[in-house]
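Residue-level structure breakdown
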Amino acid sequence: MSTEQYITASCAISNQVVYKNGVSLFENKGADLTSFLLSAYHNFALQYPKFYKMDNLGKLGMIASEILLKPGFHAADYLPEQIGVMLTNASSSLDTDIKYFETVRNIASPSLFVYTLPNIVIGEICIRNNFKGENAFFVFSRFDANFIQSYVSNLLAKNILEACVCGWIEVMDQDYKAVLLLVEKKTTRSQNMSFTIENINKIYQLENG
C-alpha cells in the first residue's frame, strides 16, 4: 500500500561546515576532525556529557542527529516504537577498529572496543531520543540513495514506522561526511520535500566534500 512520505528536515556535515535544511549554520575551516566536532558541539550548545567519550563516528552522528531533530521534531507526536533509524556508510567502524588494534600492542582499550561496531552510533541516537523502532546499519562502497529510499519507504508504507532518521555517516581518518534525513508521513514541518531518490541525491550533493 503506497503512502505519502516526506523529507521534513535534513542535516549535512562535511569539509568543516554544518548545514540544516540546505542552509549553512556553522563552519570551522582548517580544523581537523576532532577539533571540528568539538567546536560544533560547543557552538550548538549541545548537552550530552557522554559525547566526550564517543569515537568520531559517534560524535559525528550525535551532532548531525541533534541538529536534524532540534528544534522542530516532536517525538511526543509518536510512540517510541514508531520512530526508527537506518544508517549507511562505506568504512563501517574501521576508523575506530584501527585505533583499537594499535592499543592491543600494549593494553587493549575498553573505551575504544565499545565503538568497534558501526551500529553503536544508532544506539547512541536511540538512547538519546528514546527511539525504539526498527533500526539497521548497512555498509556499501558508496552512497546509495536508491537503497535508502526503498528500504525506508517500505517501513513507512507497511506502517512499521511513522518516522525515520536515515542517511549516510562516514568517518575514516580525516575523511568524513554525514547526511541525515528525517522522513515522516506528516507534512507539518518547515521542510517538506517528497521522499524521492532525486531529492535524497540533491541533499547529499549539497556540499561536495
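What you see is a predicted model, and the numbers here were worked out from it, not measured in a lab.

1. Concerning the nonpolar core
Membership of the largest hydrophobic core comes to 42 residues, with the highest contact counts inside it found for I13, I63, L87 and F131. Secondary structure elements with two or more residues in this core: strand 1 (6–14), helix 1 (33–43), helix 2 (56–69), strand 4 (83–89), helix 5 (120–129), strand 6 (163–172) and strand 7 (175–184). Ranked by the residues each element gives to this core, the list is headed by helix 2, at eight residues. The residues contacting L87, other than those within four sequence positions of it, are V121, I122, I125, A136, F137, F138, C166, G167, I169 and L180.

2. Structural notes on the confidence of the model for the chain
Scored by pLDDT, the chain comes out at a mean of 89, with 87% of its residues at no less than 70. Mean pLDDT across the elements of the chain bottoms out in helix 4 (residues 110–113) (62) and peaks in helix 6 (residues 145–157) (98).

3. A look at the pattern of salt bridges
For the coordinates displayed, the defined rule picks out five salt bridges. When the shortest N-O distance is used, the salt bridge between E124 and K50 registers 3.4 Å. Within this pair, whereas E124 is found in helix 5, its partner K50 is found in the loop between helix 1 and helix 2, the two being separated by 74 residues in sequence. Look at E124 and you get buried, because its relative accessible area is 5%. Among the ionic contacts, a cluster of salt bridges with common partners joins E66, K70 and R128.

4. What to know about the packing of helix 2 against helix 5
In the contact formed by helix 2 and helix 5, the axes pass within 9 Å of each other and the chain directions differ by 40 degrees. As far as their axial angle goes, helix 5 and helix 2 are oblique. Like other packed secondary-structure pairs, helix 2 and helix 5 cross with a definite hand, here right-handed. Between helix 2, through L57, G58, G61, M62, S65, E66 and L69, and helix 5, the contact on the second element is made entirely by V121, E124, I125, R128 and N129. Along the lines of polarity and charge, the residues of the contact of helix 2 with helix 5 split into five nonpolar, four polar and three charged.

5. Digging into unusual backbone geometry
K70 connects to P71 through a cis peptide bond whose omega is -5 degrees. Mapped onto the fold, P71 is located in the loop between helix 2 and strand 4. Positive phi, normally seen in glycine, also occurs at N15, with a value near 50 degrees. Tracing the chain through its elements places N15 in the loop between strand 1 and strand 2 (17–20). Here N15 falls in the partly exposed class, since its relative accessible area comes to 31%.

6. Focus: the pairing of strand 4
Within strand 4, seven of the seven residues are buried, leaving the element largely enclosed by the surrounding structure. By the alternation rule, side chains of strand 4 split into I83, V85, L87 and N89 and G84, M86 and T88, which are all buried. The pairing of strand 4 with strand 6 spans six bridges and is parallel. Among the inter-strand pairings, L87 is bridged to a residue of strand 6, identified as G167. The pairing of strand 4 with strand 5 (residues 135–139) spans five bridges and is parallel. Bridge pairing in strand 5 places V85 opposite N135.

What counts and what doesn't
Starting afresh in each chain, residues are numbered from 1 along the sequence in its written order. Only residues with pLDDT of at least 70 get local features here, since the model is predicted, and only at 80 or more are side-chain atom pairs given and counted; chain-wide, interface and lining totals rely on the full set of residues. Calculation of side-chain values draws on the structure's entire complement of heavy atoms; hydrogens and water are dropped beforehand. Residues enter a nonpolar core if they are buried and are Ala, Val, Leu, Ile, Met, Phe, Trp, Tyr or Cys, with the set joined through side-chain atoms within 4.5 Å. Burial classes follow relative accessibility: with a 1.4 Å probe on protein chains only, a residue under 20% of its type's maximum area counts as buried, one over 50% as exposed, and anything between as partly exposed. The helix and strand labels rest on DSSP assignments: H or I over at least four residues marks a helix, E over at least two residues marks a strand, and numbering proceeds from the N terminus. Note on contacts: a residue pair qualifies if any of its non-hydrogen atoms lie within 4.5 Å across the two residues. Confidence of the predictor at the level of single residues is captured by pLDDT, which takes values from 0 to 100. Salt bridge, as applied in this entry: a Lys or Arg side-chain nitrogen positioned within 4 Å of an Asp or Glu carboxyl oxygen. Every axis corresponds to a line fitted to the C-alpha atoms, with the helix fit spanning only the stretch in contact, and the corresponding angles, defined between N-to-C directions, vary from 0 to 180 degrees. When describing relative orientation, an angle under 35 degrees is termed roughly parallel and one over 145 degrees roughly antiparallel, while 65 to 115 degrees is termed roughly perpendicular and anything else oblique. For any helix crossing, the convention is left-handed if the near helix is rotated counterclockwise from the far helix by under a right angle, and right-handed if that rotation is clockwise. Polar here means any residue other than Ala, Val, Leu, Ile, Met, Phe, Trp, Tyr, Cys and Pro, which are nonpolar, and Asp, Glu, Lys and Arg, which are charged; Gly is therefore polar. Two strands are said to pair when DSSP picks up at least two bridges between them.

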